[in-house]
Amino acid sequence: MRNACIVLRNVRNSLCALDFSPSEAFLSGGYPFEEVRLLSENDISALNEAVSQLKKSADNLAVIAEKSFLPKVRENIAAVAGDDFSQGTLAGAGVFQEGSFSLFLLSSDKGESGAEYVKNVCVPYLNRKYNTRFDRLVLRSVGAGENLVRKLLDEAARMSGDKLTYNYKGKLGEDVVEIVYDSSVPKMLTDDVLRLLAEGLGDAVYALDDTPLEGRLVQLLKLRGKNISVAESFTGGGIGKRIVSVPGASEVYFEGVNTYDERAKIKRLGVSEYTLRTLGAVSDETAYEMAAGLLASGDCDVSVATTGLAGPKSDRTELPVGLCYIAVGLKEKVFVYRYKFEGTREEITETAINYALFLAYRQLKNT
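Keep in mind the model is a prediction, meaning the values are calculated, not measured.

Thresholds, definitions, all that
Residues numbered from 1 in each chain as written. Predicted model: local features only at pLDDT ≥ 70, side-chain atom pairs only at ≥ 80, totals over all residues. Heavy atoms only, no water. Buried < 20%, exposed > 50% of the residue type's maximum accessible area, 1.4 Å probe, protein only. Helix = DSSP H or I, 4+ residues; strand = E, 2+ residues; numbered from the N terminus. Pairing = 2+ DSSP bridges. Phe/Tyr/Trp six-rings, centres within 6.5 Å; stacked < 30°, edge-to-face > 60°. Lys NZ or Arg CZ within 6 Å of the ring centre and 35° of its normal. Salt bridge = Lys/Arg side-chain N within 4 Å of Asp/Glu carboxyl O. Expected span 1.5 Å × (residues − 1). 1 Å grid on protein atoms, 1.4 Å probe; cavity = no way out; pocket = protein on both sides within 12 Å on 5 of 7 lines; lining within 4 Å. Points joined across faces, edges and corners; volume = space filled by probe spheres on them. Nonpolar A, V, L, I, M, F, W, Y, C, P; charged D, E, K, R; others polar. Axes fitted to C-alpha atoms, helices over the stretch in contact; angles between N-to-C directions. Contact = heavy atoms within 4.5 Å.

A. Region of the structure containing the pairing of strand S6 (residues 101-107). Judged by how many residues are buried, S6 sits mostly within the fold: 7 of 7 residues are covered. Going residue by residue along S6, you find Phe101, Leu103, Leu105 and Ser107 tucked away on one face and Ser102, Phe104 and Leu106 tucked away on the opposite face as well. Summarising the sheet, strand S3 (residues 60-65) and S6 pair through 6 bridges and their orientation is parallel. In the strand pairing of S6, Val63 is matched with Leu105.

B. Seen up close, the packing of aromatic side chains. Applying the stated criterion across every chain, the model contains 8 aromatic pairs. With a centroid separation of 5.2 Å and an interplanar angle of 55°, the aromatic rings of Phe26 and Phe33 are classed as tilted. As far as the burial class goes, Phe26 and Phe33 line up, both buried. Counting every residue linked through ring pairs, the aromatic cluster contains Phe26, Phe33, Phe104 and Tyr125. Positioned over the ring face of Phe101 is Lys55, at 5.7 Å from the centre of the ring.

C. The environment of Gly161, seen in detail. Assignment of secondary structure puts Gly161 in the loop between helix H5 (146-160) and strand S8 (165-171). What makes Gly161 partly exposed here is its relative accessible area of 41%.

D. Representation of the pattern of salt bridges. In the structure shown here, the tally under the stated rule is 16 salt bridges. Notably, a salt bridge pairs Arg140 with Asp210, separated by 3.1 Å at the nearest N-O pair. Taken as a pair, Arg140 in strand S7 (residues 134-142) and Asp210 in the loop between strand S10 (205-207) and helix H7 (213-224) lie far apart in primary sequence, 70 residues in all. The buried category is assigned to Arg140, whose relative accessible area is 13%. The exposure class of Asp210 is partly exposed, given its relative accessible area of 38%. Close ionic contact of Asp209 with Arg216 constitutes a salt bridge, the shortest N to O distance being 3.6 Å. For Asp209, a relative accessible area of 30% puts it in the partly exposed group. If you follow the salt bridges from partner to partner, you end up with Arg136, Arg140, Glu174, Glu178 and Asp210 in one network.

E. View of helix H12 (residues 345-365). Between its terminal C-alpha atoms H12 stretches 30 Å, which fits the 30 Å expected from 21 residues at 1.5 Å a residue. Among the 21 residues of H12, 15 are classified as buried, and the element is accordingly described as predominantly covered.

F. Up close: empty space enclosed by the protein. Per the stated rule, a full pass over the model turns up 2 cavities of 30 Å³ or more. Estimated volume of the second largest cavity: approximately 30 Å³. Looking at the second largest cavity, the residues that line it are Asn3, Ala4, Phe26, Phe33, Asn60, Leu61, Ala62, Phe104 and Leu126. Secondary structure elements with two or more residues in the lining of the second largest cavity: strand S1 (3-9) and S3. By residue class, the composition of the lining of the second largest cavity is 7 nonpolar, 2 polar and no charged.

G. Structural view of unusual backbone geometry. Along the chain, Gly311 connects to Pro312 via a cis peptide bond; the corresponding omega equals 10°. Positionally, Pro312 belongs in the loop between strand S13 (302-308) and strand S14 (323-330). The phi torsion at Asn131 lies on the positive side, around 50°, for a residue other than glycine. For Asn131, the location among the structural elements is in the loop between helix H4 (114-130) and S7. At Leu172, a residue that is not glycine, the phi angle is positive and equals roughly 55°. Counting through the fold element by element, Leu172 comes out in the loop between S8 and strand S9 (174-182). Leu172 sits in the partly exposed class, given a relative accessible area of 25%.

H. Geometry of the layout of surface pockets. Estimates place the volume of the largest pocket at around 1100 Å³. As for the largest pocket, its lining consists of 31 residues, of which Glu24, Ser28, Arg140, Lys169 and Asp210 are closest to the centre. Among the secondary structure elements, those contributing two or more residues to the lining of the largest pocket are helix H1 (21-28), H4, S7, S8, S9 and H7. Of the residues that constitute the lining of the largest pocket, the class distribution is 12 nonpolar, 7 polar and 12 charged. By volume, the second largest pocket amounts to about 420 Å³. Within the residue set of the lining of the second largest pocket, elements represented by two or more residues are helix H9 (262-269) and S13. A breakdown of the residues in the lining of the second largest pocket according to their chemical character gives 9 nonpolar, 7 polar and 6 charged.

I. The arrangement of the sheet that holds S14 in detail. With respect to topology, 5 strands assemble into an open sheet ordered S12-S11-S13-S14-S15, the strand pairing being mixed. With one partner strand each, in any of the chains shown, strand S12 (253-258) and strand S15 (334-340) form the two edges of the open sheet. The mean inter-strand angle of the sheet, taken between neighbouring strand axes irrespective of direction, is 10°. In the sheet, S14 pairs with S15 via 7 bridges, with the strands oriented antiparallel. Bridge pairing links Gly329 to Val334 in S15. On the sheet, helix H11 (residues 284-296) packs against strand S11 (228-232), S12, S13, S14 and S15 and is oriented at approximately 150° with respect to S13. The sheet contacts of H12 involve S11, S13, S14 and S15, and relative to S14 the element is tilted by about 25°.

Laid out in structure tokens, this is it:
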């Protein structure tokens with residue numbers, strides 16, 4: 001079985017405008033692409049040539065294009081691949097078959113739920129075609145780092161041979177490992193591999209399933225009967241936004257304050273003017289007092305506070321860009337963490353948000 005993919009793009013748009021989640025969904029379903037070709041949607045001759053070639057060398061071909069361009073793609077592909085396709089459609093995308101060759105047309109438009117279509121239609125279709133079924137395990141962690149994760153994955157691969165497939169994605173401080181295997185693999189093997197990874201990553205692990213950070217935190221808050229408040233400076237409300245994106249977050253989320261200005265930190269959170277004047281807004285003491293100020297209100301059981309420099313330039317303090325302090329407060333104690341993140345302004349901010357959610361989860365879990 002050989003799988004291939006053609007991605008058609010509008011050359012006037014950036015690559016980041018494309019939604020590559022459909023291809024990731026094929027990978028998660030156990031059907032990775034051995035070959036991927038990136039073509040211009042205006043070059044129909046190149047598309048026809050690629051389809052003609054891949055029809056001979058691949059068993060399954062996915063073509064990803066803008067939704068408005070899909071009818072034209074189908075028309076041209078039919079001329080090359082044959083007219084006797086049997087068709088099933090959903091949300092503007094189609095599954096076609098001619099003999100043993102299968103073709104999938106998928107939308108690259110963001111928000112078109114291409115990944116859901118692949119998961120709910122394309123993967124089950126392939127499972128029926130090959131009379132097999134793939135399962136997956138997911139492990140999520142924060143702060144472990146790519147080097148450690150890849151070292152553990154190498155060890156896991158030596159243990160499992162070719163029976164398991166490992167997909168790794170590391171971004172913004174978070175590491176996500178996906179293990180894909182067919183139903184014939186012994187459960188003992190998958191358990192041993194999962195144990196190896198979980199023990200190797202230790203406290204960096206926050207989920208042994210595909211639950212994201214904010215979902216895991218909300219689950220734990222509900223389980224413990226606790227609520228949370230957030231005070232944000234350089235993260236600009238991003239932590240609160242992530243929390244309220246979880247259905248049912250209103251049961252545990254009391255408030256979020258965006259105290260960007262020093263005067264707001266004093267007025268809303270009770271941060272000492274002396275602290276700000278002597279140590280600065282970006283300091284461990286300021287983060288501590290922000291989190292403590294939320295707890296002092298008596299309205300929350302857990303508090304999170306962030307202060308830092310996201311860039312692109314430093315302020316008058318000349319502290320390094322990427323420096324930040326994250327505080328997590330519980331009734332008994334406030335914990336402050338110092339980090340120096342790298343990347344663009346957006347990357348630094350999003351990384352800090354991931355760490356803040358993770359640290360709140362870990363501290364609450366360990367109490």
